[in-house]
Amino acid sequence: MKHLEFSQFLEFLGTKNVEKRLEMCEKWMQMGSETKALQLRLPGNSEIPKKINKRKIPNSKNQVEQLEEKLNAIEFTDEVSDRVFSELHRLKNMNSQQSEYNILMNWLELVSNLPWNTSTVDDIEIGKARKILEDSHESMDDVKQRVLEHLAVCKINNSVKGMILCFTGPPGIGKTSIAKAIAESMGRKFQRVSLGGIRDESDIRGHRRTYVAAMPGRIIEALKHCKSNNPVFLLDEVDKLYVGNQGSPSAALLELLDPEQNSTFHDHYLNIPFDVSKIMFIATANDIERLEPALKDRLEIIEMSGYSMKEKVKICENHLVTRQLSKHCISPDYVNLDRQAIMAMSEFLQSENGQPCRAKLEEYTMEAGVRQLERNVGAVCRHVALRLAEALNSDPSADVLPDMELPIQIRESDIHKILKAKHMKQVKIVEKMRPLPPGVCFGLSVTTNGGRVMPIEASKCKGTGKIVTTGHLGKVLEESILVAKGWLGANAEKLGLKTLEENDIHVHLPAGAINKDGPSAGTGLACALVSLAMGVPLRSDAAVTGEISLTGHVLPIGGVKEKVLAAQREGLRRVVLPKTNEEEYLKIDEDIRNEMDVVLADTVEDVIEAMMEKAPVLAKL
Ligand SMILES: Nc1ncnc2c1ncn2[C@@H]1O[C@H](COP(=O)(O)OP(=O)(O)OP(=O)(O)O)[C@@H](O)[C@H]1O
């Protein structure tokens, strides 16, 4: 008790009540142990601990008082209020040395920091919303129209209950940024929660307080930061939720998104209901097929597709350049990027550490969105900044730029020089494969990165009709090869074609490190085998997609727009699609439809006629 003052001893002796004496002792012992701990940390300075000690005790008292004040100011429901104030009472009667003290304190602090009654006032004005969407986003007219309809319903209804939009499409096409624009046009706060890679239910709902280092889930944590109980809440990458051995995060999301249940959302850590029904939820996903069916059922899916080169140039000129220039503090009067330069920029992608990286899917396909393009614009801005700074350095006293031709013109050749150091040019697979030998065909596929042109190669050698396949093919694709060969065998005589029965066939789909599957390569495989059997090459400016049946019917496929856009980006002119996909094809922008020569085919014979260099080739035609 060395740290006690003489007056404190006198106070102790003057207290007759034994309980009070014990309380005093307990308090002094606590002070003693804290001082000791500090002295150990600060050897040779006995003054400092005393000062810190003196300050610390009133502070910890204040903390509880402040907490109580904060909690009193919140309007809880009766049920919640009972729980919160009984816990507060428990805290007040607890010794601060008890391990539960801090746990309870943290819990009450979280409760006091949540926006129980704080919300923003909706200000939905359709004209203003349209302007915000138009100003911030180029193209995507159907998406903007759908968003405006959604806002109109919210305005009339005065509620957002049960309406959950889900934007799906390849990366970098503006899913997140359109959600931000929705928040702006509603006058609500915007909060994003990334769900990519979550495999534990507690990431959404939190851990029970009994666990060591328990924490609230991401939803409650985000609401604490947002400080409003009705934000626009972006659930990013809902297709990347996995089921781990700690429960299913998708199931937890279901409760969050269910309008019947979400007025009493239960976080395990919070353990008292929180009303999330005023929140406007928006989800994003790259691949809608990976969503759990129950979750998918709850969402209103809005498909967004990639951009054509023309759209990319427009987005770049009107948005990306301005944004990147202001980010790098460069006046727009100092730089001039021409159209050819922008087109050249969209062909570069960043390599790891400036070194050519291992073959990745993106290297074989131009990006569907504009994220890489924006990065490239950023790289050009940094180059311009360097040139401006160098010019200024040469004359430090100058407050205007010394003799320098402004604006700095950036042309296509400059882009190659600027981006060459850290970027690599994308491999245009179409250019690399030309001229096409017999047995090679351009197919089309869709990945989470958008559509891409997928070459199909077939070669033969003398043998007994064996088929070898390579290129990481899935079971469905392997079966499509058998169907195509079966159709060829059955129809060869009728169509005046040679069969491949006396040959072994090798079918390969390049980019061998990438898994490929699906039935839509059926028509492409049939074309490759016919071309191989006849020794006649297929058109090198055409690509084909469509499933085939053994009897030669062309069946519908998915991702029509993405596939047509991929063919257009790669510089192909003709695309052969199943006739049954006509409706989807007609939804593609007129600009693109006019630019492309699209053939709608009903049978395999139609497909071959459209894909062959020299028509007619089949006896029947
Ligand atoms: N149509 C457009 N007009 C203007 N800018 C656009 C457009 N589309 C995309 N962008 C810009 O491209 C960038 C990337 O967009 P965003 O982050 O919204 O992509 P995303 O679709 O959410 O991608 P991810 O799936 O990877 O999350 C943003 O800076 C965005 O503003």
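Residue indices follow the written sequence of each chain, beginning from 1 at its first position. Owing to the predicted nature of the model, reporting of local features is limited to residues with pLDDT of at least 70; listing and counting of side-chain atom pairs is limited to 80 or more, with chain, interface and lining totals taken over all residues. The side-chain figures draw on all heavy atoms in the structure; neither hydrogens nor water molecules are used.

- Taking an unreviewed UniProt entry as the reference, the protein chain is identified by name as endopeptidase La belonging to Caenorhabditis nigoni.

Comments concerning the packing of helix α4 (residues 78–92) against helix α5 (residues 99–113)
And step 1. Fitted lines through C-alpha atoms serve as axes, helices being fitted only where they are in contact, and the angles separating the N-to-C directions of these axes extend from 0 to 180 degrees. Runs of E in the DSSP output that reach at least two residues are strands. Runs of H or I that reach at least four are helices, and both are numbered from the N terminus. For the pair α4 and α5, interaxial distance at closest approach is 10 Å and the crossing angle is 145°. Our pair here, α4 against α5, has a crossing hand that is left-handed. In contact with R83, V84, E87, L88, R90 and L91 of α4, α5 contributes E100, Y101, L104, M105, W107, L108 and V111.
And step 2. Think of it as three bins: nonpolar holds Ala, Val, Leu, Ile, Met, Phe, Trp, Tyr, Cys and Pro, charged holds Asp, Glu, Lys and Arg, and polar takes everything else, Gly as well. When its residues are assigned to classes, the contact of α4 with α5 shows nine nonpolar, no polar and four charged. Take the far helix as your reference; a near helix turned counterclockwise from it by less than a right angle gives a left-handed crossing, and one turned clockwise gives a right-handed crossing. What makes two residues a contact is simply this: any of their non-hydrogen atoms within 4.5 Å.

Describing the nonpolar core
And step 1. Throughout, nonpolar core names a set of buried Ala, Val, Leu, Ile, Met, Phe, Trp, Tyr and Cys residues whose side chains join them through atoms within 4.5 Å. We call a residue buried when its accessible area falls under 20% of the maximum for its residue type, exposed when it is over 50%, and partly exposed in between, using a 1.4 Å probe and counting protein chains only. In terms of nonpolar packing, the biggest core is built from 57 residues, with F167, I182, M186, M345, I410 and I415 touching the most fellow members.
And step 2. Annotation comment: domain bounds sourced from an automatic or database domain assignment. Taken domain by domain, the makeup of this core includes at least three residues from each of domain 2 (126–303) and domain 3 (309–425).
And step 3. Other than its neighbours up to four places away in sequence, M186 contacts V121, D122, D123, I124, L151, C154, V160, V232 and M280.
And step 4. Formed by 53 residues, the second largest nonpolar core is a distinct cluster that contains V84, M94, L108 and F265.

Some words on the confidence of the model for the protein chain
And step 1. Summary statistics for the protein chain give a mean pLDDT of 83 and a share of 87% for residues scoring 70 or more.
And step 2. Looking over the protein chain, one finds the lowest element-wise mean pLDDT in strand β9 (residues 423–425), namely 62, and the highest in strand β16 (residues 554–555), namely 95.
And step 3. Per-residue pLDDT stays below 50 along residues 37–58; that stretch engages in eleven contacts with residues further than four places along the chain or on separate chains.
And step 4. For every residue, the pLDDT score states the predictor's confidence, bounded by 0 at the bottom and 100 at the top. Low pLDDT, under 50, characterises residues 354–362; the stretch is placed with 18 contacts to residues that sit more than four places away or in other chains.

Brief notes about the sheet that holds strand β17 (residues 574–578)
And step 1. Any two strands with at least two DSSP-identified bridges between them are counted as paired. Here we have seven strands laid out as an open sheet, ordered β12-β13-β11-β10-β14-β17-β18, and mixed in their pairing. Each edge of the sheet is formed by a strand with only one pairing partner; in this case those strands are β12 (467–470) and β18 (597–601). The average undirected angle you get between the axes of adjacent strands in this sheet is 30°.
And step 2. Strand direction decides the pairing type here: strand β14 (residues 542–544) and β17, joined by three bridges, are parallel.

Considering the site of the ligand
And step 1. It suffices for a single heavy atom of a residue to lie within 4 Å of a molecule or strand for the residue to be listed as near it. The environment of the ligand is made up of 19 residues, and the closest members are G172, K175, T176, R323 and R371.
And step 2. Polar contacts, as used here, are pairs of N or O atoms within 3.5 Å; protein pairs need one atom able to donate a hydrogen and one able to accept it. Residues neighboring in sequence count only if both atoms are side-chain atoms. Here S177 contributes a backbone N or O atom positioned 2.9 Å from an oxygen atom of the ligand.
And step 3. One nitrogen or oxygen atom from the side chain of Y307 is found 3.0 Å from a nitrogen atom belonging to the ligand.
And step 4. Mapped by element, the contributors of at least two residues to the shell around the ligand are α8 (175–186), α13 (309–327) and α15 (371–393).
And step 5. For the shell around the ligand, the class distribution of residues is six nonpolar, eight polar and five charged.
And step 6. Taken domain by domain, the makeup of the shell around the ligand includes at least three residues from each of domain 2 (126–303) and domain 3 (309–425).

Regarding the sheet that holds strand β4 (residues 280–285)
And step 1. One open sheet accounts for five strands, arranged β2-β3-β4-β1-β5; its pairing is parallel. In this open sheet, the two strands that pair with only one neighbour each are β2 (190–194) and β5 (300–303). Each strand axis lies, on average, 25° off the axis of its neighbour in the sheet, ignoring direction.
And step 2. Inspection of the sheet shows strand β3 (residues 232–236) paired to β4 by four bridges, in the parallel sense.

Remarks on the environment of R188
And step 1. Assignment of secondary structure puts R188 in the loop between α8 and β2.
And step 2. According to the relative accessible area criterion, R188 is buried, its value standing at 10%.
And step 3. For R188 and V121, which are 67 residues apart along the polypeptide, the C-alpha to C-alpha distance reads 7.4 Å.

So, the pairing of strand β13 (residues 503–508)
And step 1. In the sheet, strand β11 (residues 450–462) pairs with β13 via six bridges, with the strands oriented antiparallel. Residue pairing in the sheet places E457 in a bridge with H508 of β13.
And step 2. Direction of pairing for β12 relative to β13: parallel, over a ladder of four bridges. Bridged to V468 within β13 is H506.
And step 3. With the strands aimed away from the viewer, a crossover counts as right-handed if its path from the first strand over the helix to the second runs clockwise. Taken together, β12, helix α18 (residues 475–495) and β13 form a β-α-β motif whose crossover is left-handed.

Observations regarding helix α6 (residues 126–136)
And step 1. For α6, the complete set of buried residues consists of A129, I132 and L133. Taken end-on, α6 shows its buried residues confined to a sector of 95°, consistent with a single buried face. The arc refers to the directions leading from the helix axis to the C-beta atoms.

Observations regarding unusual backbone geometry
And step 1. Cis peptide bonds are those with omega within 30 degrees of zero, and the linkage from R434 to P435 qualifies with -5°.
And step 2. Positionally, P435 belongs in the loop between α17 (429–433) and β10 (440–447).
And step 3. The phi angle at S139 is positive, at roughly 55°, despite the residue not being glycine.
And step 4. You can see S139 is positioned in the loop between α6 and α7 (141–157).
And step 5. Phi is positive for C329, close to 55°, though the residue is something other than glycine.
And step 6. The residue C329 is located in the loop between α13 and β6 (335–337) in this model.
And step 7. Note on C329: relative accessible area 72%, which makes it exposed.

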